[in-house]
Protein chains: 2
Amino acid sequence: MKWHKLVLISVIGVLVLTGCDLTRTQQEEPQAVEGGALPQAAMDIAEERGLSPADISAALKTYIPSGQHDEYLMFLSGGHSGQLIVAGVPSMRILKNIAVFVPESWQGYGFGSWDSREVLEGGLVDGKENLMADTHHPALSETNGDYDGQYVFINDKANARVAVIDLRDFETKQIVKNPNVLSNHGATFVTPNTDYVIETTQYSTPLGWEYAPLDEYEEKYRGLITLWKFDREKGRLIQDESFSIELPPYWQDLCDAGKLVSDGWVFCGSFNTEMATGGVENGNPPFEAGVSQRDMDYLHIVNWEKAKEVFEAGKTETLNDMAVISMDTAVEEGILYLAPEPKSPHGADVTPGGEYVVVAGKLDPHVTIYSMEKIEQAIADENWEPDPFGIPVLDFDAVVEAQVELGLGPLHTQFDNDGHAYTSLFLDTAVAKWKLGPPYHDEGWELVETLPVQYNVGHLVSAEGDTVDPDGKWLVSLNKWSVDRFTGVGPLLPQNEQLIDISTNPMQLLYDMAMGVGEPHYAQMIKADKIDAWEVYPEVGWDPLNQTKSPYATAPGEERIERNGSEVEIFMTAVRSHFTPEIIEVKKGDHVTWHITNIETAVDATHGLQIPAYNVSLSMEPGEVSSIDFVADRDGTFAWYCTEFCSALHLEMMGYLLVEE
Amino acid sequence: MKWHKLVLISVIGVLVLTGCDLTRTQQEEPQAVEGGALPQAAMDIAEERGLSPADISAALKTYIPSGQHDEYLMFLSGGHSGQLIVAGVPSMRILKNIAVFVPESWQGYGFGSWDSREVLEGGLVDGKENLMADTHHPALSETNGDYDGQYVFINDKANARVAVIDLRDFETKQIVKNPNVLSNHGATFVTPNTDYVIETTQYSTPLGWEYAPLDEYEEKYRGLITLWKFDREKGRLIQDESFSIELPPYWQDLCDAGKLVSDGWVFCGSFNTEMATGGVENGNPPFEAGVSQRDMDYLHIVNWEKAKEVFEAGKTETLNDMAVISMDTAVEEGILYLAPEPKSPHGADVTPGGEYVVVAGKLDPHVTIYSMEKIEQAIADENWEPDPFGIPVLDFDAVVEAQVELGLGPLHTQFDNDGHAYTSLFLDTAVAKWKLGPPYHDEGWELVETLPVQYNVGHLVSAEGDTVDPDGKWLVSLNKWSVDRFTGVGPLLPQNEQLIDISTNPMQLLYDMAMGVGEPHYAQMIKADKIDAWEVYPEVGWDPLNQTKSPYATAPGEERIERNGSEVEIFMTAVRSHFTPEIIEVKKGDHVTWHITNIETAVDATHGLQIPAYNVSLSMEPGEVSSIDFVADRDGTFAWYCTEFCSALHLEMMGYLLVEE
């Protein structure tokens with residue numbers, strides 16, 4: 001390979017721009033521009049393309065020359081794709097669409113491999129396969145409230161599941177199903193040291209989603225906040241060490257964990273404190289109206305440190321193998337409080353220092369800022385009234401620090417390194433930048449500027465913008481509609497993730513990223529150099545599910561086919577450009593177990609395998625062992641092959657499965 | 001919505017660059033730059049980022065300002081993702097990953113909807129579900145040899161299937177399974193008026209993939225070229241009007257249809273004319289060596305016009321409901337010829353005027369150019385020797401016009417509008433530009449320049465580069481390895497699709513596009529304005545599978561639930577922000593049929609639906625009707641909801657399914 005030719009390309013580029021006739025044998029280092037005017041050739045391009053000075057600066061800020069890397073990685077939920085999307089910032093290129101809840105053939109996920117089968121089986125619902133999902137909120141693992149680059153978690157809103165992805169290989173290692181609810185939304189969020197992953201219900205059902213008519217809603221329907229214990233060493237959520245807290249059947253929405261001065265607490269917005277049950281077909285208000293009647297909903301304020309003590313003290317009930325702290329216990333033990341919040345809020349976001357919770361009430365033009373200090377004082381003062389379930393509702397005026405009018409439809413807030421907050425305005429289809437008050441600014445709590453976005457921004461994300469130490473760079477507006485932004489590709493349009501430079505004043509819109517592989521709802525952005533991903537697996541013969549040497553690893557020379565009656569077990573190796581063995585002869589009805597070790601150690605030397613008619617698709621990264629098994633229930637001649645274009649003789653990397661009647 | 005705010009953004013951008021303190025109320029049109037130096041602010045950005053003049057020109061050539069559109073659309077196969085990827089050029093943004101052979105939750109494809117179920121059932125193999133695939137070669141529909149923007153076809157190499165995608169809505173409408181082979185590769189390619197879609201076998205098996213031991217390879221294993229008749233009005237491949245031609249068990253590779261002077265012919269490369277059968281485990285040469293022994297393989301030259309006459313005359317056998325012209329008949333009727341081609345070629349590409357076929361022999365440093373005129377003369381002269389199957393092998397020297405030495409590992413060739421060809425060099429990891437001879441250039445058949453790419457280019461694509469009228473713009477190098485090009489995302493790396501400007505001399509490498517959603521093998525690039533995609537469906541109540549009004553369309557006011565014993569049929573509407581009806585009450589065991597009409601007419605007003613535990617995921621674009629049915633086999637309370645963030649009250653757009661024991 002001729003990596004060094006890149007230099008040449010840049011030189012050629014220079015020649016194009018200068019019109020010089022230097023021959024290619026005279027190689028020179030590409031020269032960065034220095035003070036003075038840009039080359040006339042660049043001017044000509046800009047003029048020909050009708051680029052404005054703003055366009056030119058945007059182009060230059062976002063362009064990554066070949067071989068250079070992005071500064072940040074952004075993890076975006078895929079929405080109802082059920083996956084997790086990884087993109088580079090500022091280039092906004094999609095680097096990987098990680099298969100999480102839904103099978104994905106390219107990654108060999110859910111098409112026979114034992115490791116993906118085990119992961120997906122963790123997500124069975126009612127014991128049955130359920131291969132669709134709706135991922136919403138990725139959460140990067142944290143140490144002391146800052147991203148540590150080790151793991152990322154994500155929820156499935158549609159079925160109340162949580163997944164764990166290991167950032168050494170960017171693969172999904174675990175899916176857990178919440179045994180008591182079928183819907184989550186305030187998930188996933190982590191506590192500052194990733195001791196727990198938070199999952200909170202959205203649409204209430206009876207716990208265990210048992211049948212109950214809607215006229216028993218207040219009595220039988222419930223919400224739930226679950227704290228999944230994370231074992232960082234094992235890379236697994238541990239159900240036995242996890243617990244839930246029963247909540248009223250208000251529809252809990254997004255959450256955020258407290259940090260620093262608010263560490264030990266978690267905050268969740270809610271809507272439908274009206275406890276409306278819809279039924280427009282029977283003359284009732286439709287859900288959209290029924291759940292939007294009250295001027296105030298409730299911010300849920302949960303003391304998870306206290307809840308942990310209560311759980312450890314055994315003051316729980318066990319429901320479907322999960323420990324649950326009842327609402328009564330939660331009230332008695334000082335675990336659960338509410339505070340009024342202006343109507344139907346979406347985001348509840350904790351400031352970098354942990355002093356405040358910013359609530360964006362989507363049907364109210366303000367953000368409302370709650371003070372942790374005031375919340376603790378109100379609790380100490382018992383300055384509350386009970387809600388219908390006996391939960392203390394803290395006095396609004398006693399806990400609110402400020403309200404800032406931003407515009408229509410505020411949803412979600414991120415932060416920078418200079419005491420500013422950035423809130424998405426769905427109805428105004430804009431991003432509002434505003435100033436925090438003390439200790440960030442002596443004079444604060446005021447709007448600074450508003451930048452229109454295209455169109456209908458839901459969430460937004462800034463660089464490390466929800467950690468204790470935001471970076472004050474790049475902000476991405478996750479717009480729900482794109483309308484006219486991209487070339488038409490039919491009635492299902494891509495979303496538009498817009499990159500904004502927040503290091504300038506005012507902010508500058510830089511780039512429209514088309515999102516044609518899912519509908520991201522939420523994202524987190526981490527400095528790329530914080531992630532230390534493996535280039536290849538640490539050892540040839542690796543089991544990626546358990547991150548250890550596989551018992552089925554096969555060394556060159558040890559390839560074999562073992563037969564025991566109708567049991568056939570194959571130990572195979574794969575290397576450019578052949579499998580060993582190549583010919584598999586079995587009888588119809590044989591149970592075939594097939595282990596393949598990719599014995600490559602070179603970066604990018606991935607091999608794949610597909611077996612026609614048998615629904616098998618594997619991707620084996622360098623060093624990986626993949627195992628499948630199936631009953632050879634169809635006789636015939638089946639040509640299987642490597643599906644990754646691995647070498648010039650890639651097409652020749654194949655074999656036959658011969659199934660004799 | 002405030003579309004007009006874009007103007008404002010650009011103005012702000014100008015202010016940033018000029019340092020001017022103009023307030024935002026003074027709106028001005030953004031000004032394109034004019035002759036003279038670029039703004040100093042742009043210079044400063046370039047200097048700070050270390051951009052070379054070549055980088056700057058690349059950034060300016062590829063940047064698309066917000067609201068402007070790409071010039072071309074590129075259709076890339078997804079490889080073992082089983083899908084088809086649509087990207088804009090020159091921005092290289094992924095606009096849509098179209099679900100083809102593999103279920104995809106975001107598009108509601110393969111998760112309950114009747115239309116996707118019907119399409120996927122067309123792809124059953126041995127009557128069983130087979131939901132993995134390996135898409136390789138998309139083919140845009142053509143009229144008179146030029147893309148017409150109506151349809152795109154793609155093959156599944158792993159299971160020998162072909163799919164039809166309608167470019168009015170960019171959705172898959174049909175999958176057909178070849179009943180006689182399990183592997184294809186020379187697929188899909190269209191005849192110049194899309195009368196037929198060509199599908200050719202790669203790995204030979206007995207026809208119908210019946211069992212036969214490998215020592216009966218020469219006798220029983222066969223290849224097949226199939227011409228699938230396409231009915232443009234219906235948008236469907238018609239098996240009854242399609243036919244196959246039996247081929248020797250050489251592994252046929254890529255094909256191309258003749259055009260203009262070669263119209264009526266199709267050309268396919270091949271390898272493994274050695275008829276090696278592998279078995280390294282038994283001391284045989286591994287496939288990679290066994291199939292690479294001979295210096296020459298065979299270009300297959302097929303007269304499909306003649307074959308069509310023979311098919312229409314009934315001189316066929318019927319094998320598994322498909323008409324097959326036997327090899328003997330094909331020879332007798334002058335349908336099938338071979339010509340020697342240097343070893344293990346990959347591409348066989350017809351020049352824009354149809355005069356030549358360019359064969360890239362991947363183990364030979366030359367491209368070999370065959371003349372259609374000379375082929376016809378050699379056939380007239382009977383200047384041939386028979387191969388072991390009695391097929392005429394035309395004399396090499398009699399049919400070859402020229403050979404051009406390009407470098408190591410030539411694979412695939414595209415063309416421009418100025419008589420140049422561009423050939424990928426896998427081993428040299430470069431793109432070679434070379435000059436065609438007469439009638440394109442009096443003095444031709446010579447290498448012009450070589451541009452290194454990063455790394456290991458497989459196929460390449462230029463703008464309309466395989467039509468009768470190439471555009472001479474953008475070329476994309478589909479590289480199989482990216483190695484160090486992108487931020488690390490674990491051992492499975494994205495591919496690198498590199499954009500090259502071929503309108504300059506020399507060529508300029510512009511951009512590295514990360515491909516993290518599949519492994520494209522082949523692509524076609526069409527002028528975007530040739531496609532007239534629908535923004536919304538033509539009528540509310542649309543059936544997208546049959547592109548007509550749906551019998552299940554439900555108008556507002558006509559929503560209802562009909563019950564007949566255990567049969568429950570729901571006629572529902574969806575509109576921002578509610579479904580009608582909202583509450584579905586059934587008994588356990590009821591068979592539920594559920595029709596939803598998205599009654600929106602606004603662009604981008606898509607609604608989704610997921611039903612927890614029941615594995616249902618739908619995407620309903622504006623006007624679309626989607627239907628599902630299932631047995632309510634689990635009692636309980638299930639909250640279903642709209643999965644597309646459609647409005648500020650999107651979270652409120654939900655309902656309950658109550659299944660009583």
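None of these values were measured; they are calculated from a predicted model.

Describing the overall build of chain A
Check the secondary structure of chain A and you find ten helices and 45 strands. Computed over C-alpha atoms, the radius of gyration of chain A comes to 28 Å, within 12% of the 26 Å expected from 2.2 N^0.38 for 661 residues, which places it in the range of a compact globule. Expressed along its principal axes, the backbone C-alpha trace of chain A runs to roughly 75 × 75 × 50 Å. The burial tally for chain A puts 70% of its 661 residues in the buried class. Restricting the contact set of chain A to residue pairs at least 6 apart, pairs at least 24 apart contribute 60%. For chain A, the computed accessible surface area is about 19,100 Å², with 44% contributed by carbon and sulfur atoms. Separation between the mean location of the 42 positive side-chain charges and that of the 106 negative ones in chain A comes to 5 Å.

A short note on the state of the cysteines
Residues and elements named next belong to chain A. Under the counting rule described, the total for this entry stands at two disulfides over all chains. The residue that forms a disulfide with Cys255 is Cys268, at a sulfur-sulfur distance of 2.2 Å. What sets the handedness of the Cys255 and Cys268 disulfide is the S-S torsion sign, and at about 100° it is right-handed. With Cys255 in strand S13 (residues 251-257) and Cys268 in strand S14 (residues 265-271), this residue pair connects regions lying 13 residues apart in the sequence. Here Cys255 and Cys268 have matching classes, each one buried. Looking at the unpaired Cys646, the closest cysteine sulfur is the one in Cys642, lying at 4.0 Å.

Observations regarding the pairing of S14(A)
All names here are of chain A. For S14, the tally of buried residues reaches seven of seven residues, placing the bulk of the element in the interior. The sheet contact formed by S13 and S14 spans five bridges and is antiparallel. Note that in S14 the partner of Cys255 across the bridge is Cys268. Across four bridges, the pairing between S14 and strand S15 (residues 296-303) is antiparallel. Across the sheet, the residue bridging to Trp265 is Asn303, located in S15.

Observations concerning the sheet that holds strand S25 (residues 410-415) of chain B
Residue and element names in this part refer to chain B. Across the sheet, four strands lie side by side as S25-S26-S27-S28; this open sheet has antiparallel pairing. For this open sheet the edge positions go to S25 and strand S28 (446-452), each flanked by a neighbour on one side alone. Averaged over neighbouring strand pairs, the angle between their axes works out to 25° when direction is ignored. Relative to strand S26 (residues 420-425), S25 runs antiparallel, the two sharing four bridges. Looking at the pairing, Phe415 lines up with Ala421 of S26.

As for the interface of chain B and chain A
Counting from both sides, the interface comprises 211 residues of chain B and, opposite them, 210 residues of chain A. Joining chain B to chain A, the criterion identifies six salt bridges. Lys128(A) is the salt-bridge partner of Asp633(B), the closest N and O atoms lying 2.6 Å from each other. Of the residues assigned to the side of chain B that touches chain A, the class counts are 110 nonpolar, 61 polar and 40 charged.

Observations concerning a negative patch on the surface
A contiguous patch of negative charge on the surface is contributed by Glu118(A), Glu121(A), Glu129(A), Glu118(B), Glu121(B) and Glu129(B). Listing elements by their share of the negative patch, those giving two or more residues are helix H4 (114-121) of chain A together with helix H4 (114-121) of chain B. Turning to its location among the elements, Glu129(B) is positioned in the loop between H4 and strand S4 (139-143).

Considerations on H4(A)
All names here are of chain A. Every buried residue of H4 is listed here: Asp115, Ser116, Val119 and Leu120. Down the axis, H4 shows its buried residues gathered within 125° of arc, on one side only. Against the buried residues of H4 lie strand S7 (171-177).

Topic: the domain arrangement of chain A
In many reports, interface size means the accessible area that the parts give up when they come together. Residue and element names in this part refer to chain A. Per the domain assignment, the segments making up chain A are domain 1 (72-209 + 219-275 + 285-302 + 318-530) and domain 2 (542-660). Here the C-alpha centre of domain 2 lies 41 Å away from the C-alpha centre of domain 1. Opposite the 18 residues of domain 1 that make contact, domain 2 presents 20 residues. Summed over both partners, the interface of domain 1 with domain 2 buries about 1,400 Å², with 45% contributed by carbon and sulfur atoms. Interface area lost by domain 1 to domain 2 is led by Phe111, Trp114 and Asp115, which between them contribute 41%. Applying the counting rule to domain 1 against domain 2 returns one salt bridge. Between Asp629 and Arg117 there is a salt bridge, with its nearest N and O atoms 3.2 Å apart. Counting across the domain 1 and domain 2 interface gives nine residue pairs in polar contact (both at pLDDT 80 or more). Those elements that provide at least two residues to the side of domain 1 that touches domain 2 are H4 and S7. Looking at which element gives the most residues to the side of domain 1 that touches domain 2, the answer is H4, with five residues. Residue classes in the side of domain 1 that touches domain 2 are distributed as four nonpolar, five polar and nine charged.

A short note on the pattern of salt bridges
Inspection of the entire model under this criterion finds 58 salt bridges over all chains. With a closest N to O distance of 3.5 Å, Lys374(A) and Glu401(A) form a salt bridge. Linking Lys374(A) in helix H9 (residues 372-380) with Glu401(A) in strand S24 (residues 400-405), this pair joins segments that are 27 residues apart in sequence. The partner of Lys588(A) in a salt bridge is Glu661(A), with the nearest N and O atoms 3.9 Å apart. Of this pair, Lys588(A) sits in the loop between strand S39 (583-587) and strand S40 (591-598) while Glu661(A) sits in the segment after strand S45 (654-660), and the two are 73 residues apart along the sequence. In this structure, a network of salt bridges that share partners links the residues Asp126(A), Lys128(A), Asp633(B) and Arg634(B).

Remarks on the side chain of Ser204(B)
Checked against the element boundaries, Ser204(B) lands in the loop between strand S9 (196-200) and strand S10 (205-206). The exposure class of Ser204(B) is buried, given its relative accessible area of 0%. Of note is the side chain of Ser204(B), whose polar atom sits 3.5 Å from the backbone oxygen of Pro249(B). The residues touching Ser204(B), leaving out its near neighbours within four places in the chain, are Tyr656(A), Tyr217(B), Tyr221(B), Arg222(B), Gly223(B), Pro249(B), Tyr250(B) and Trp251(B).

With respect to H9(A)
Residue and element names in this part refer to chain A. Taken as a whole, H9 has its buried residues at Met372, Ile375, Ala378 and Ile379. The arc enclosing the buried residues of H9, seen along the axis, measures out at 125°, which places them on a common side. Exposed residues lying more than 90 degrees from the buried face of H9 are Glu373 and Ala380. In this structure Ser371 caps H9, since a side-chain oxygen of it lies 3.2 Å from the backbone nitrogen of Glu373. Positive phi shows up at Glu382, right after H9, with a value of about 50°.

Let's talk about the packing of aromatic side chains
Counted according to the given criterion, the structure contains 62 aromatic pairs over all chains. One aromatic cluster is present, built from ring pairs that chain together Tyr203(A), Tyr217(A), Tyr221(A), Trp251(A), Phe271(A), Phe287(A), Tyr641(B) and Tyr656(B). Looking at Lys157(B), its charged tip hangs above the ring of Tyr641(A), at a distance of 4.3 Å from the centre. Arg560(B) extends its terminal NZ or CZ atom over the ring of Phe571(B), reaching a point 3.9 Å from the ring centre.

Some details on the relation of the copies chain B and chain A
With an RMSD of 0.0 Å, chain B superimposes on chain A once it is rotated by 180° and translated 0.0 Å along the axis. Here the transformation between the copies is reduced to the relation of a two-fold axis. When the interface residues of chain B are mapped onto chain A, 100% of them are again interface residues, pointing to one common binding face.

Topic: the pairing of strand S27 (residues 430-435) of chain A
All names here are of chain A. Counting buried positions along S27 gives five out of six residues, so the element sits mostly inside the fold. Bridge count between strand S26 (residues 420-425) and S27: six bridges; the pairing is antiparallel. The residue of S27 that forms the bridge with His420 is Lys435. In this structure, the hairpin formed by S26 and S27 is closed by a connection of four residues, where Thr429 is found at a positive phi of approximately 45°.

Considerations on the sheet that holds strand S33 (residues 523-527) of chain B
Residue and element names in this part refer to chain B. Read across the open sheet, the four strands follow the order S3-S2-S1-S33; overall the sheet is antiparallel. For this open sheet the edge positions go to strand S3 (94-98) and S33, each flanked by a neighbour on one side alone. Strand-to-strand twist of the sheet, defined as the mean angle between neighbouring strand axes without regard to direction, takes the value 20°.

Quick word on the confidence of the model for chain A
All names here are of chain A. A residue-level look at chain A finds 94% of positions with pLDDT of 70 or above and a mean pLDDT of 94. Counting interchain partners and residues more than four positions distant, the pLDDT-below-50 stretch residues 1-30 has 45 contacts. Under the prediction, the complex receives an ipTM of 0.94, its pTM being 0.95.

Procedures and definitions
- Residues numbered from 1 in each chain as written.
- Chains lettered and ligands numbered in written order.
- Predicted model: local features only at pLDDT ≥ 70, side-chain atom pairs only at ≥ 80, totals over all residues.
- Heavy atoms only, no water.
- Helix = DSSP H or I, 4+ residues; strand = E, 2+ residues; numbered from the N terminus.
- Rg over C-alpha atoms; globule rule 2.2 N^0.38 Å.
- Buried < 20%, exposed > 50% of the residue type's maximum accessible area, 1.4 Å probe, protein only.
- Contact = heavy atoms within 4.5 Å.
- Areas by Shrake-Rupley, 256 points an atom, 1.4 Å probe, with all protein chains shown as cover.
- Lys, Arg positive; Asp, Glu negative; His and termini not counted.
- Charge placed at Lys NZ, Arg CZ, Asp CG, Glu CD.
- Disulfide = S-S within 2.5 Å.
- Pairing = 2+ DSSP bridges.
- Axes fitted to C-alpha atoms, helices over the stretch in contact; angles between N-to-C directions.
- Salt bridge = Lys/Arg side-chain N within 4 Å of Asp/Glu carboxyl O.
- Nonpolar A, V, L, I, M, F, W, Y, C, P; charged D, E, K, R; others polar.
- Patch = residues over 30% accessible without salt bridge, like charges linked within 9 Å, V, L, I, M, F, W, Y side chains within 5 Å.
- Arc of directions from axis to C-beta.
- Domains from an automatic or database assignment.
- Buried area = accessible area lost by both parts, 1.4 Å probe.
- Polar contact = N/O pair within 3.5 Å; in protein donor to acceptor, adjacent residues only side chain to side chain.
- Phe/Tyr/Trp six-rings, centres within 6.5 Å; stacked < 30°, edge-to-face > 60°.
- Lys NZ or Arg CZ within 6 Å of the ring centre and 35° of its normal.
- Least-squares fit on C-alpha atoms with pLDDT ≥ 70 in both.
- pLDDT = per-residue confidence, 0-100.

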